[in-house]
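Observations on chain architecture
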Amino acid sequence: MQIRLPHCPLCIVGTVARLSFGASLVFVGLVHYMSFESFAGMVSEDLAALSFLGTLWAYILPALMIIGGALLVLGLFTDIALWASSIAIGSIPAGMLLKSVLSGLPLAETMPPAINALIWLIALIVITKVTGCCCDCGNCPTAAVKK
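Residues numbered from 1 in each chain as written. Predicted model: local features only at pLDDT ≥ 70, side-chain atom pairs only at ≥ 80, totals over all residues. Heavy atoms only, no water.

Overview of the packing of helix α4 (residues 78-103) against helix α5 (residues 107-131)
Test applied: Working convention: axes come from line fits to C-alpha atoms, limited for helices to the stretch in contact. Angles between N-to-C directions cover 0 to 180 degrees. Secondary structure counts use DSSP, requiring at least four H or I residues in a row for a helix and at least two E residues in a row for a strand, with both numbered from the N terminus. The labels follow the angle: roughly parallel below 35 degrees, roughly antiparallel above 145, roughly perpendicular from 65 to 115, and oblique for the rest. Note on convention: near helix rotated counterclockwise from far helix by under a right angle means a left-handed crossing. Clockwise means right-handed. Contacts are assigned to residue pairs with any non-hydrogen atoms lying within 4.5 Å of each other. Residues were grouped as follows: Ala, Val, Leu, Ile, Met, Phe, Trp, Tyr, Cys and Pro as nonpolar; Asp, Glu, Lys and Arg as charged; and all remaining residues, including Gly, as polar.
Direction vectors running N to C along α4 and α5 enclose 160°, while the axes themselves pass 8 Å from each other. In terms of their interaxial angle, α4 and α5 are classed as roughly antiparallel. For the pair α4 and α5, the sense of crossing is left-handed. Along the contact surface, α4 presents L82, S85, S86, I89, G90, I92, P93, M96, L97, K99 and S100, while α5 presents L107, E109, T110, M111, P113, A114, A117, L118, W120, L121, L124 and T128. For the contact of α4 with α5, a count of residues per class yields 15 nonpolar, 6 polar and 2 charged.

As for α5
Quick note on the threshold: Multiplying 1.5 Å by the residue count of a helix minus one yields the expected span of that helix. For the exposure calls, accessible area comes from a 1.4 Å probe over protein chains only, and a residue counts as buried if that area is under 20% of its type's maximum, exposed if over 50%, partly exposed in between.
If you check α5, its first and last C-alpha atoms are 35 Å apart, about what 25 residues at 1.5 Å a residue would give, namely 36 Å. Along α5, the positions that sit buried rather than exposed are T110, A114, A117, L124, I127 and V130.

Re the confidence of the model for the chain
Where the model shows low pLDDT, its predicted coordinates should not be examined in detail. For clarity, the threshold we go by: pLDDT: the predictor's confidence for each residue, scored from 0 to 100.
On average, the chain scores 88 in pLDDT, and the residues at 70 or more come to 89%. Here helix α6 (residues 141-146) stands out as the element of the chain with the lowest mean pLDDT, 46, in contrast to helix α3 (residues 51-74), whose mean of 96 is the highest. Note on residues 142-147: pLDDT under 50 across the span, and 5 contacts to partners over four residues away in sequence or across chains.

As structure tokens, then:
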């Protein structure tokens, strides 16, 4: 197996961003498991009757982050990597805002982590768009400019 490094500026930055983003997801997932008791408590807290679902999700969310991030780093099974990463990150704003609905938790407490996760989701969208470029197949915008 030969590793082919990109040559155009957009592809280089996209590749580094994909590697950094994927590694960051793996690290966050690992930290969640390393401090699982407090993480599970935080996830299930303020979910009222649905706290058992929060506890269940506390087991699944870090696994999705680790699997999605590792596959992004390796550049393998892109569909699975993006599904796992997107579900993990996308569930955070929904879950945080659900806490405001179910328990009356003020939006001032749930919006900052929700917005943080949305920024991660936007970053994933941009990285996915940029790393879809390939200098060798002519899809790279900067390669087309050079021709």
